[in-house]
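Descriptive structure summary
For reference, the chains in residue letters:
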Amino acid sequence: MRRKQSVAGSAAEGERGNPLASFVPLIVDAGIPMASYYLLSDGFGFSTVAALGWSSVVPALRTVWGLVRSRSVNGLALLMLVVNVVGLALSAVAGDPRLMMAKDSGVSSVVGIAILLSVRTRRPLMTAGLKPWVTKGSASGNAAWDRLTAGSERFRRAERRFSAIWGTALLTECLVKVIGAYTVPVDTMVWLGTVLTVVAILAAMVIAGGSCADPMEKMVAAEVAAEAGRTADAGGADAGSGLPVGAAAGAAAGAG
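Bear in mind that the values here come from a model prediction, so they are computed numbers and not experimental data. (Residues numbered from 1 in each chain as written. Predicted model: local features only at pLDDT ≥ 70, side-chain atom pairs only at ≥ 80, totals over all residues. Heavy atoms only, no water.)

Attention now goes to the overall build of the protein. Helix and strand counts for the protein come out as 10 helices and 0 strands. Taken from the N to the C terminus, the helices and strands of the protein come in the order α-α-α-α-α-α-α-α-α-α. Each of the 256 residues in the protein was classed as buried or not, and the buried ones make up 41%. Looking at the protein alone, contacts between residues at least 24 apart form 73% of all its contacts between residues at least 6 apart. In the structure as shown, the protein presents an accessible area of about 12,700 Å², 70% of it carried by carbon and sulfur atoms. (Helix = DSSP H or I, 4+ residues; strand = E, 2+ residues; numbered from the N terminus. Buried < 20%, exposed > 50% of the residue type's maximum accessible area, 1.4 Å probe, protein only. Contact = heavy atoms within 4.5 Å. Areas by Shrake-Rupley, 256 points an atom, 1.4 Å probe, with all protein chains shown as cover.)

Listed below in structure tokens is the structure:
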């Protein structure tokens, strides 16, 4: 649950110009909760249940802050917030640390399922982070994206496949972590769960990036260039069509 924000954050906040920015959400949502758990349990003597619950606070607050800062409702960000709130509420009543860890993965699997279900909609959930990455946030890139979305089935198929890959990776990670919650010691599962999250995210980034994001980026770049060519041709045609008019006007003036 608390680590799923790294997925949306990495996709939405990562910038090609600053690759390190892609890892900031991962550090906040995966690294800080893991460090908090060990600090609270080993350093301050918190029970396992209390340490697991309090270590979820930072990612939940980050989600709220993201919604407040953007002043808009992003479907994936809102889903993250709901998952965090439900997870924290369940943490308050769960007394079994293994149940808490299984619940953590079970509740967060909602994210993966929701992403997979959104593939059948007009705007898959991962598109919110994919579009700025592909278009670089430029007006010409956004316009090219809109044209391709309206007229290219290949482009739309890649967009849907991007979300399908992320949803599958996240859901698989959740299932593995639920099994681990009941078969691996709790202290081991805390850090192992983070490793599984990182592996799932990196796998989704590599697979979805190579098979979807990169081809879509090339299609957008080609469409931007094609639109610039069409605009140049239209300008040239307008200029060319004006020449005979000017010549005719000059001839008429000379004859007069």
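Let's shift gears to the side chain of Ser118. Residue position: Ser118 is located in helix α6 (residues 97-118). The buried category is assigned to Ser118, whose relative accessible area is 7%. For Ser118, the contacting residues outside a window of four places in its chain are Arg123, Pro124 and Leu125.

This part covers the environment of Lys218. Considering the arrangement of structural elements, one finds Lys218 in helix α10 (residues 186-255). Put simply, Lys218 and Val134 are 84 residues apart on the chain and 8.6 Å apart in space, counted from C-alpha to C-alpha.

Turning our attention to helix α8 (residues 139-151). Helix length check: α8 (13 residues) gives 18 Å between terminal C-alpha atoms against 18 Å at 1.5 Å per residue, within 8%. When α8 is considered as a whole, its buried residues turn out to be Gly141, Ala144, Trp145 and Leu148. Projected onto a plane normal to the axis of α8, the buried residues spread over an arc of 105° and lie on a single side. Along α8, the residues that are exposed and aim more than 90 degrees away from the buried face are Ala139, Ala150 and Gly151. (Expected span 1.5 Å × (residues − 1). Arc of directions from axis to C-beta.)

In a packed pair of helices, the relevant descriptors are the angle between the two axes and the axis-to-axis distance. Interhelical geometry of α8 versus helix α9 (residues 153-183) gives an angle of 100° and a closest axis separation of 6 Å. By the angle class used here, α8 and α9 are roughly perpendicular. On α9, the residues touching Trp145, Leu148, Thr149, Ala150 and Gly151 of α8 are Glu153, Phe155, Arg156 and Glu159. Here the contact of α8 with α9 is composed, by residue class, of 4 nonpolar, 2 polar and 3 charged. (Axes fitted to C-alpha atoms, helices over the stretch in contact; angles between N-to-C directions. Parallel < 35°, antiparallel > 145°, perpendicular 65-115°, else oblique. Nonpolar A, V, L, I, M, F, W, Y, C, P; charged D, E, K, R; others polar.)

Aromatic ring pairs are defined here through the distance separating the ring centres and the angle between the ring planes. Enumeration according to the criterion identifies 2 aromatic pairs in this entry. Ring geometry for Trp145 against Phe155: centres 5.0 Å apart, planes inclined by 85°, an arrangement best described as edge-to-face. Of this pair, Trp145 sits in helix α8 while Phe155 sits in helix α9; the two residues are 10 residues apart in sequence, bridging distant segments of the chain. Like Trp145, the residue Phe155 is buried in the burial classification. Ring plane angle 50° and centroid distance 6.4 Å describe the contact between Phe162 and Trp166, whose orientation is recorded as tilted. Pair noted here: Phe162 and Trp166 are both in helix α9, with a separation of 4 residues, about one helical turn. (Phe/Tyr/Trp six-rings, centres within 6.5 Å; stacked < 30°, edge-to-face > 60°.)

Attention shifts here to a nonpolar patch on the surface. On the surface, Leu39, Phe44, Phe46 and Trp54 cluster together into a nonpolar patch covering about 470 Å² of accessible area. Within the secondary structure, Phe44 is located in the loop between α2 (24-43) and α3 (48-54). (Patch = residues over 30% accessible without salt bridge, like charges linked within 9 Å, V, L, I, M, F, W, Y side chains within 5 Å. Salt bridge = Lys/Arg side-chain N within 4 Å of Asp/Glu carboxyl O.)

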